[in-house]
Amino acid sequence: FRGDVPLEGLSFVSGHAIIAWGVAALLWTVLPGRWRWIPVGVATLNAIARVYLGAHNPLDVVGGGAIGIAIAALLIVAVGMIQHRRPTDR
């Protein structure tokens, strides 16, 4: 299946890319060493597949990836702030 995505005009960011890159960014913070690259590879393959199948233009998946990483960064900061505000147990 090859979608008919116009190369010019309006387009919409890829929700698949938002989720894939958001999860990859969150996992980057908790996975050790080389394991960090597996979610990044999956997110990259997801982005390539969305363009290859004609569901999105390249900038759609780049924009989706940027939004996903930004959301993950905000979540990381928010959780970090919550952990720092918690009273210590004595």
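Now for a description of the structure that goes with this document. Computed from a predicted model, the values in this text were never measured in an experiment. (Residues numbered from 1 in each chain as written. Predicted model: local features only at pLDDT ≥ 70, side-chain atom pairs only at ≥ 80, totals over all residues. Heavy atoms only, no water.)

1. Here we look at the overall build of the chain
Across its full length, the chain holds 3 helices and 0 strands. Counted from the first residue to the last, the chain has its helices and strands arranged as α-α-α. Sequence separation of at least 24 residues holds for 75% of the intrachain contacts in the chain that already meet a minimum separation of 6. Accessible surface, the chain: about 6900 Å² in total, of which carbon and sulfur atoms supply 71%. (Helix = DSSP H or I, 4+ residues; strand = E, 2+ residues; numbered from the N terminus. Contact = heavy atoms within 4.5 Å. Areas by Shrake-Rupley, 256 points an atom, 1.4 Å probe, with all protein chains shown as cover.)

2. As for the packing of helix α1 (residues 15-28) against helix α2 (residues 37-52)
In a pair of packed helices, the angle between the axes and the distance between the axes together describe the arrangement. Their axes nearest at 8 Å, the elements α1 and α2 cross at an angle of 170 degrees. Relative to α2, the element α1 lies roughly antiparallel. Packed against α1, whose contacting residues are H16, A17, A20, W21, A24, L27 and W28, the element α2 presents W37, P39, V40, A43, T44, N46, A47 and R50 at the interface. (Axes fitted to C-alpha atoms, helices over the stretch in contact; angles between N-to-C directions. Parallel < 35°, antiparallel > 145°, perpendicular 65-115°, else oblique.)

3. Focus on the side chain of D60
Here D60 lies in helix α3 (residues 58-85). It is R50 that comes nearest to the buried, bridge-free D60 among opposite-charge side chains, at 9.0 Å. At 3.5 Å, the side chain of D60 and the side chain of H56 are in polar contact. Not counting chain neighbours up to four residues away, the residues in contact with D60 comprise S11, F12, V13 and S14. (Buried < 20%, exposed > 50% of the residue type's maximum accessible area, 1.4 Å probe, protein only. Lys, Arg positive; Asp, Glu negative; His and termini not counted. Salt bridge = Lys/Arg side-chain N within 4 Å of Asp/Glu carboxyl O. Polar contact = N/O pair within 3.5 Å; in protein donor to acceptor, adjacent residues only side chain to side chain.)

4. A look at the packing of aromatic side chains
Within the structure shown, the criterion is met by 1 aromatic pair. With centroids separated by 4.9 Å and ring planes inclined at 90 degrees, the aromatic side chains of W28 and W37 adopt a geometry described as edge-to-face. (Phe/Tyr/Trp six-rings, centres within 6.5 Å; stacked < 30°, edge-to-face > 60°.)

5. Observations regarding the nonpolar core
Residues A17, A20, W21, A24, V40, A43, A47 and V61 constitute the largest nonpolar core, which totals 8 residues. Mapped onto this core, the elements with two or more residues apiece are α1 and α2. Apart from the residues within four sequence positions on either side, V40 is in contact with W21, A24 and W28. (Core = buried A, V, L, I, M, F, W, Y, C linked by side-chain atoms within 4.5 Å.)

Interpretation note: all reported values are geometric properties and have no functional meaning in isolation.
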